[in-house]
Amino acid sequence: SSQIVSFSHQSHQPPSTPASKEVWKKGGRMFSILLAVHLALLACTLVSSGAFEKIAVHDYDVFFLLTVMMLIVIVWIIFYLVGTSRCPDAILCKDSHAGPVWLRGGLILFAIFSLVMDVFKIGYYSSFYSCLSAIKIIYPIVQAIFVVVQTYFLWISAKDCIHVHLNITRCGLMLTLTTNLAVWMSAVTDESVHKAHSKLKKNVTEEIFRWLLKVGMRSSSAEECNCNSQICQIFKNGYFWLYPFNIEYSLFASAMVYVMWKNVGRFIDHHSHHIPRLKFRLFRRTFFVGIVLGLIILASGLGVLVLYEVQVNSSTESSKKNQALTMYYIFNIVCLGLMSLVCIGGSVIYRLDKRDMDRHKNPTRTLDVALLMGAALGQYAISYYSIVAIVASTPRDTISALNLTYALLMIAQHTFQNIFIIEGLHRQPPKEDHKHDSHQKDLYGLTFVNVNAVSLRVPYSDSTLAPSPAPGAEAIHPSDLVRSLTIPKKMNWRRKLLREISMFLLLSNIILWIMPAFGARPQFDNDTELNFYGDSMWPAIVDICLPFGIFYRMHAVASLLEVYI
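These numbers come from a predicted model, not from an experiment. (Residues numbered from 1 in each chain as written. Predicted model: local features only at pLDDT ≥ 70, side-chain atom pairs only at ≥ 80, totals over all residues. Heavy atoms only, no water.)

Chemist: Give a description of the overall build of the protein chain that names residues and reports values.
Modeler: Helix and strand content of the protein chain: 21 helices and two strands. Pairs at least 24 residues apart make up 88% of the contacts formed inside the protein chain by residues separated by at least 6 positions. Carbon and sulfur atoms make up 65% of the accessible area of the protein chain, which totals about 28800 Å². (Helix = DSSP H or I, 4+ residues; strand = E, 2+ residues; numbered from the N terminus. Contact = heavy atoms within 4.5 Å. Areas by Shrake-Rupley, 256 points an atom, 1.4 Å probe, with all protein chains shown as cover.)

Set out below in structure tokens:
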């Protein structure tokens, strides 16, 4: 038996031949990281320089760099799909945790909206192509092709652990990651400049606005052309409304590409690697409390969003603006307070849970934790800046008190939710459903089971007619059989509560993502921070940090789906 155990142990170990070929693993990773760092710094320099008029870097220079990067990535992806992945022994194993269905589904959803945005961009720039550089029209076309090719690549290859062309694959993946981050930086900057222009147009006349653009503010080259037709205005407003989806697409793609980069050359022990299976059990084994409460929060948030947009962006009266801000803060305070309480309750339930911690190496889980902690820093920064401005400013009114409460609850909610999700990511999958499988399979194979008949066939342990059990065999009592029939039908109450909590948090995070993504941003409409930090510093802080907060909500939704649903 010892020889059999030894043989089985050796047969489960990964083959040593492919592993011995890669003697430059750390060097290959370091080279790809250096390539990504240099490209990211170059893209960041061009994008940030293109946001200011006095610097001789134009937006079409940025678009030219991004177009070249996307074309190189498209060529590499085609090479990977046609050549690398089809080599013998190229993919010896797959990472079942990488690229879950809901993450890839979210990527496809954002990709569809990104394609619609590119169509709107092409229509907008084609309206006055005679006064624009050709790169302004070429860029959205190349971006649309890039989105299609990359989405297909990530859908079919997200789980690959490649073992050929290692250094080329690492550099290609890092180039893909850097390109997505550069596109994300460009989209954030373009959206911020557009919002700054829109806010400025409300307060000044068209002549003064043109003069300010010439003096110091960066204007898009399209601003200098006339967009007088109605269809041109529809294209212009449409693609700016779709920017949040393109921003989230770039971040989702970057996360999936990073996991692929970590899995290059990796071997996986499938015996210790739990393979999750997607089961649509949202409405099974629940009390519907979390779903109903979450839907109420979601519907209320959509109503608040519509009223906020109408009263703040469409009205110039300060009284309506204050009413909209009050309504927004009250809704968020209630929502964040409830989310904090249920996260604390979920952490308490974990103290009663008997599941072991999963200590296996898992790059996907490591990335999930890093993204949750890192993306929360954006909202932390905005909240702390708001707290300092509110406390140090005078006078203090109702809006300031609500804003202070909102900032404090935002910090608490992010903290408690991170603890709750991260603890769930490190828990072993429940084993309760598998304890009695071998014991119950025959019993559950019967359509109808007569418990009394079963009890008649199994003698009681104190009966004199009962034969004694064989040595080493376990005596079976009828009550044990009855219990084995009834226990699996009753789900553990802790798991029920965790499912209710996860459903409520999922729907709440969705509405807290929708509101800032579609224009409900009180940071720009509340005068306390603007007066304290100035018209240049505070918008820059929000523009840098808010996309991370929006991405945090979407990643929290994906993590909740992965752990609990």
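Chemist: Explain a nonpolar patch on the surface residue by residue, including any values.
Modeler: Taken together, the side chains of Ile108, Ile112, Val116, Tyr152, Trp155 and Ile156 define a hydrophobic patch exposed on the protein surface, amounting to about 520 Å² of accessible area. Elements with a contribution of two residues or more to the nonpolar patch: α5 (101-126) and α6 (135-157). Tracing the backbone through its elements, the reader meets Tyr152 in helix α6. (Patch = residues over 30% accessible without salt bridge, like charges linked within 9 Å, V, L, I, M, F, W, Y side chains within 5 Å. Salt bridge = Lys/Arg side-chain N within 4 Å of Asp/Glu carboxyl O.)

Chemist: Can you explain the confidence of the model for the protein chain? Please cite residues and give values.
Modeler: For the protein chain, the average pLDDT comes to 76, and 72% of its residues sit at 70 or higher. Mean pLDDT per element in the protein chain: helix α16 (residues 451-457) is the minimum at 41, and α6 is the maximum at 93. Within the model, pLDDT remains below 50 along residues 271-280, and this stretch shows 15 contacts once partners closer than five positions in the same chain are excluded. Contacts of residues 484-491 to residues separated by more than four positions or lying in other chains number 15 contacts, the stretch itself having pLDDT below 50. (pLDDT = per-residue confidence, 0-100.)

Chemist: Help me get a handle on the packing of aromatic side chains, residues and values and all.
Modeler: Within a pair of aromatic rings, the relevant descriptors are the distance that separates the centres and the angle that separates the planes. Taken as a whole and assessed by the stated rule, the structure comprises 27 aromatic pairs. Ring centres 5.4 Å apart and planes at 70° place the aromatic pair Trp184 and Phe548 in the edge-to-face group. In this pair, Trp184 sits in helix α7 (residues 166-203) while Phe548 sits in helix α21 (residues 537-563), placing the two residues 364 residues apart along the sequence. Accessibility expressed as a relative area gives 12% for Trp184, which makes it buried. Given the relative accessible area of 31%, Phe548 is considered partly exposed. The structure contains a cluster of three or more aromatic residues connected by ring pairs, namely Phe110, Phe113, Phe245, Phe252, Trp513 and Phe551. One residue, Arg104, lies across the ring of Trp155, its end atom 4.5 Å from the ring centre. (Phe/Tyr/Trp six-rings, centres within 6.5 Å; stacked < 30°, edge-to-face > 60°. Buried < 20%, exposed > 50% of the residue type's maximum accessible area, 1.4 Å probe, protein only. Lys NZ or Arg CZ within 6 Å of the ring centre and 35° of its normal.)

Chemist: Explain the nonpolar core residue by residue, including any values.
Modeler: Among the nonpolar cores identified, the biggest contains 135 residues, and Phe153 and Phe420 are the most heavily contacted of them. Examining the composition of this core, we find that 13 residues originate from one element, helix α10 (residues 243-262), more than from any other. No fewer than three residues from each of domain 1 (26-208 + 229-267) and domain 2 (284-429 + 488-564) sit in this core. Excluding its chain neighbours within four sequence positions, the residues that come into contact with Phe153 are Trp76, Ile77, Tyr80, Leu81, Ala158, Leu173 and Met260. (Core = buried A, V, L, I, M, F, W, Y, C linked by side-chain atoms within 4.5 Å. Domains from an automatic or database assignment.)

Chemist: So, unusual backbone geometry: which residues are in play, and what are the values?
Modeler: Even without being glycine, Asp89 reaches a positive phi, approximately 60°. Even without being a glycine, His165 presents a positive backbone phi close to 50°.

Chemist: Tell me about helix α13 (residues 363-392), and name the residues and values.
Modeler: A rise of 1.5 Å per residue sets the reference length of α13, with its 30 residues, at 44 Å; its end C-alpha atoms lie 44 Å apart and thus fit the reference within 8%. A bend of about 25° at Gly378 is the largest found in α13. (Expected span 1.5 Å × (residues − 1). Bend = angle between axes of the 7 residues up to and from the residue.)

Chemist: Which residues make up the side chain of Ser250, and what values do they have?
Modeler: As for its position among the elements, Ser250 is in helix α10. Overall, the relative accessible area of 2% leaves Ser250 in the buried class. Setting aside residues up to four positions removed in sequence, Ser250 forms contacts with Asn180, Val183 and Trp184.

Chemist: Quick rundown of the environment of Thr84? Include the residues and the values.
Modeler: For Thr84, the location among the structural elements is in the loop between α4 (59-82) and β1 (91-94). A residue is classified by how much of its surface remains accessible, and Thr84, at 1% relative accessible area, is buried. For the pair formed by Thr84 and Val164, sequence separation is 80 residues and the distance between their alpha carbons is 6.8 Å. Filtering out sequence-adjacent residues up to four positions away, Thr84 remains in contact with Phe79, Ala90, Ile162, Val164, His165 and Thr169. Side chain to side chain, Thr84 and His165 meet in a polar contact 3.0 Å long. (Polar contact = N/O pair within 3.5 Å; in protein donor to acceptor, adjacent residues only side chain to side chain.)

Chemist: Kindly report on the packing of α5 against α10, identifying the contributing residues and their values.
Modeler: Direction vectors running N to C along α5 and α10 enclose 135°, while the axes themselves pass 8 Å from each other. Compared by their axis directions, α5 and α10 come out oblique. α5 and α10 meet at a crossing whose hand is left-handed. Contact residues: Leu103, Arg104, Leu107, Phe110, Ala111, Phe113, Ser114, Met117 and Lys121 in α5; Tyr243, Phe245, Asn246, Glu248, Tyr249, Phe252, Ala253 and Met256 in α10. Of the residues contributing to the contact of α5 with α10, the split by class is 12 nonpolar, two polar and three charged. (Axes fitted to C-alpha atoms, helices over the stretch in contact; angles between N-to-C directions. Parallel < 35°, antiparallel > 145°, perpendicular 65-115°, else oblique. Left-handed = near helix turned anticlockwise from the far one by under 90°. Nonpolar A, V, L, I, M, F, W, Y, C, P; charged D, E, K, R; others polar.)

Chemist: Just give me the short version of the packing of α6 against α10, but keep the residues and values in it.
Modeler: Where α6 meets α10, the closest approach of the two axes is 11 Å, and the angle between their N-to-C directions is 40°. In terms of their interaxial angle, α6 and α10 are classed as oblique. Every pair of crossing elements has a handedness; the one defined by α6 and α10 is left-handed. Where α6 approaches α10, its residues Gln143, Val147, Gln150, Thr151, Phe153, Leu154 and Ser157 are matched on the opposing element by Asn246, Tyr249, Ala253, Met256, Val257 and Met260. Grouping the constituent residues of the contact of α6 with α10 by class yields eight nonpolar, five polar and no charged.

Chemist: Explain the environment of Arg351 to me, using residue names and the numbers behind them.
Modeler: Mapped onto the elements, Arg351 comes out in helix α12 (residues 318-352). Each residue touching Arg351, except ones within four places of it in the same chain, is listed here: Glu423 and Arg427.

Chemist: Talk me through the side chain of Gln143; I want residue IDs and the actual numbers.
Modeler: Locating Gln143 in the fold gives a position in helix α6. According to the relative accessible area criterion, Gln143 is buried, its value standing at 2%. Non-local contacts of Gln143, meaning those with residues more than four positions away in its chain, are made with Met70, Met117, Asp118, Lys121, Val183 and Asn246.

Chemist: Explain the environment of Val388 residue by residue, including any values.
Modeler: Note that Val388 resides in helix α13. On the basis of relative accessible area, Val388 is assigned to the partly exposed category, the value being 46%. Along the sequence, Val388 and Leu404 sit 16 residues apart, while their C-alpha atoms lie 9.4 Å from each other.

Chemist: Before we move on, can you summarise helix α9 (residues 230-241) with the specific residues and values?
Modeler: Helix length check: α9 (12 residues) gives 17 Å between terminal C-alpha atoms against 16 Å at 1.5 Å per residue, within 8%. Where α9 is concerned, the buried positions are Cys232, Phe235, Lys236, Gly238, Tyr239 and Phe240.

Chemist: Help me get a handle on the state of the cysteines, residues and values and all.
Modeler: One pass over the full model with this rule turns up zero disulfides. With no disulfide of its own, Cys93 has Cys161 as its nearest cysteine by sulfur position, at a separation of 4.2 Å. For Cys93, a relative accessible area of 8% gives the class buried. (Disulfide = S-S within 2.5 Å.)

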